[in-house]
Amino acid sequence: MALLIGQGFGPSTWGALRSIIFNGTLSGSPIAEHGLHNVAYEHGFKTTEGNGFVRTDYSALYANFLTPYYGPNFLAQGLTASPPQSQFSSEYQSSPYGMILDEDREQLTGETAVLTSGSITISSSAFIGPYYQSYAAYSTAEEITSIGKLTAF
Amino acid sequence: MRFQVQSGVVNNIVPTMNDVATSTQVKLDRVTDGVADPPTEELESTNYNSTTKTSYIVMRAGPDATTGDFPSSDDTSNRYPQIIGGNEPIPVDIDTYGFVIIGTITVDNTTTPTALTVIQNVTGSLWGDRLKTGDDTARYYYARI
């Protein structure tokens, strides 16, 4: 079904086909302010240059504002403290194929994710559920600081 | 030198412009006695860059302070879409409102212009979005309809 740009609640320009990457490790709404054609994000990931948005076929900006990380996202969570084991993932949410486009997955694979418990190199398994990418580290308050050129805000 | 702007809309809202005759903000689609009567604005010699002799005509718009809608539909607010002439340099965007250039006017002489060049960057209506991430200044994006 086609997506109509220009008429509706959310962005009406190219933003209707873009999304921030949501930070699944943070609780609370990622939205600080919203209205017709206006969205301000409280937290997520953005590039240090440019606007930080990525292309998406799923849950474009206009549909994201009420549901945290209901779109492209990354999540790091501890599984077991001993042995230390955690999981790094980009969850599927409503999509059967994942929320980050294939070409963006290719660019993000191999990038370094800086976490509270240390750093990992993102593998392709981070985008494949239900097991995603596991790594041998653990923090009770695991958060993602940066992912390659993306910085948490 | 005086100028007018052809009426259009941004997100279905008609902008206003100062009418030099009354010094009031008037919507671009004003009709008087059944005839189009858009406001007329005036450029002073100080409204041009002294070197390039160019003046920017911009539209200013910001989100409604209460509803968050962009742009504000309250025509008494400074966030309501407003055409502003005589800008030099181009104003800088802030969270309260942003600017888009709709045209430039370049003259041969800023005091007593006898020849001018008009460039229209916007020739129709617009859709606009305001997007903000974290503490960064809001960004304003426009698409021609």
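Keep in mind that what you see is a predicted model, and the values were worked out from it rather than measured. (Residues numbered from 1 in each chain as written. Chains lettered and ligands numbered in written order. Predicted model: local features only at pLDDT ≥ 70, side-chain atom pairs only at ≥ 80, totals over all residues.)

A.B. asks: Help me understand the overall build of chain A, please; the structure alone is not making it clear to me.
C.D. replies: What chain A contains, in helices and strands, is two helices and 13 strands. The contacts in chain A between residues at least 6 apart in sequence include a share of 64% that link residues at least 24 apart. (Helix = DSSP H or I, 4+ residues; strand = E, 2+ residues; numbered from the N terminus. Contact = placed C-beta atoms within 7 Å.)

A.B. asks: In this structure, what is going on with the overall build of chain B? I would like to understand it.
C.D. replies: The helix and strand inventory of chain B stands at zero helices and twelve strands. Ordered by position from N to C terminus, the α and β elements of chain B give β-β-β-β-β-β-β-β-β-β-β-β. Taken against the 2.2 N^0.38 rule, which gives 15 Å for 145 residues, the C-alpha radius of gyration of chain B at 16 Å falls within 12% of a compact globule. If you line up chain B on its principal axes, its C-alpha atoms span 45 × 40 × 25 Å. The burial tally for chain B puts 30% of its 145 residues in the buried class. Partitioning the intrachain contacts of chain B with sequence separation of at least 6 by distance along the chain shows that 52% fall at a separation of at least 24. (Rg over C-alpha atoms; globule rule 2.2 N^0.38 Å. Buried ≥ 20, exposed ≤ 12 C-beta atoms within 10 Å, placed from the backbone.)

A.B. asks: I keep staring at the interface of chain A and chain B and nothing clicks. Help me out?
C.D. replies: Interfaces are often sized by the amount of accessible area the parts lose when they come together. Contact with chain A, which involves 21 residues of that partner, is made by 21 residues of chain B. Listed by contribution, the elements that provide at least two residues to the side of chain A that touches chain B are β3 (31-35) and β4 (38-41) of chain A. Take the side of chain A that touches chain B: its biggest share by element is four residues, from β4(A). Of the residues in the side of chain A that touches chain B, the class split is eight nonpolar, eleven polar and two charged. Direction of pairing for β4(A) relative to strand β11 (residues 126-133) of chain B: parallel, over a ladder of four bridges. Note that in β11(B) the partner of Ala40(A) across the bridge is Lys132(B). (Nonpolar A, V, L, I, M, F, W, Y, C, P; charged D, E, K, R; others polar. Pairing = 2+ DSSP bridges.)

A.B. asks: When you look at the nonpolar core in this model, what are you seeing that I'm missing?
C.D. replies: Nonpolar side chains tend to gather and get buried jointly when the protein is soluble and globular. In terms of nonpolar packing, the biggest core is built from 29 residues, with Ile20(A), Ile21(A), Phe88(A), Ala113(A), Ile120(A), Ile144(A) and Ile147(A) touching the most fellow members. For this core, the secondary-structure elements that each account for two or more residues are β4, β7 (73-80), β9 (112-115) and β12 (144-147) of chain A together with β12 (139-144) of chain B. Sorting elements by how many residues they give to this core places β4(A) first, with three residues. Counting contributing residues, this core receives three or more from each of domain 1 (14-64) and domain 2 (73-152) of chain A. Contact partners of Phe88(A), with chain neighbours within four places excluded, come to Ala76(A), Ala113(A), Ile120(A), Ala126(A), Tyr132(A), Gln133(A) and Tyr135(A). In this structure, Leu43(B), Val58(B), Ala61(B) and Ile83(B) belong to the second largest nonpolar core, which totals 17 residues. (Core = buried A, V, L, I, M, F, W, Y, C linked by C-beta atoms within 7 Å. Domains from an automatic or database assignment.)

A.B. asks: Could you clarify how one ought to interpret unusual backbone geometry in this entry?
C.D. replies: Phi is mostly negative for residues that are not glycine, and the peptide bonds are mostly trans. Residue Pro130(A) is bonded to the preceding Gly129(A) through a cis peptide linkage, with omega at 5 degrees. Looking at the secondary structure, you find Pro130(A) in the loop between β10 (118-121) and β11 (133-135). The omega torsion across Phe70(B) and Pro71(B) is -10 degrees, close enough to zero to call that bond cis. Along the chain, the position of Pro71(B) falls in the loop between β7 (54-61) and β8 (82-87). Of note in the backbone geometry, Ser23(B) takes a positive phi value of approximately 55 degrees without being a glycine. Along the polypeptide, Ser23(B) turns up in the loop between β2 (16-19) and β3 (24-27). Using a count of 7 C-beta atoms within 10 Å as the deciding quantity, one classes Ser23(B) as exposed.

A.B. asks: Would you explain the domain arrangement of chain A in this entry?
C.D. replies: Residue and element names in this part refer to chain A. By the assigned domains, chain A splits into domain 1 (14-64) and domain 2 (73-152). If you average the C-alpha positions of domain 1 and of domain 2, the two centres end up 19 Å apart. Across the boundary between the two partners, domain 1 contributes 15 residues, which contact 17 residues of domain 2. For the side of domain 1 that touches domain 2, the elements supplying multiple residues, two or more each, are β2 (22-23), β5 (45-47) and β6 (54-55). At three residues, the largest contribution of residues to the side of domain 1 that touches domain 2 is made by β5.

A.B. asks: I would appreciate a short explanation of the environment of Leu115(A) in the present structure.
C.D. replies: Residues and elements named next belong to chain A. Mapped onto the secondary structure, Leu115 falls in strand β9. What makes Leu115 buried here is the crowd of 22 C-beta atoms within 10 Å. For the pair Leu115 and Gly71, spaced 44 residues apart in sequence, the C-alpha separation works out to 21 Å. Apart from residues lying up to four places away in sequence, Leu115 is in contact with Ala76, Ile120, Glu142, Glu143, Ile144 and Thr145.

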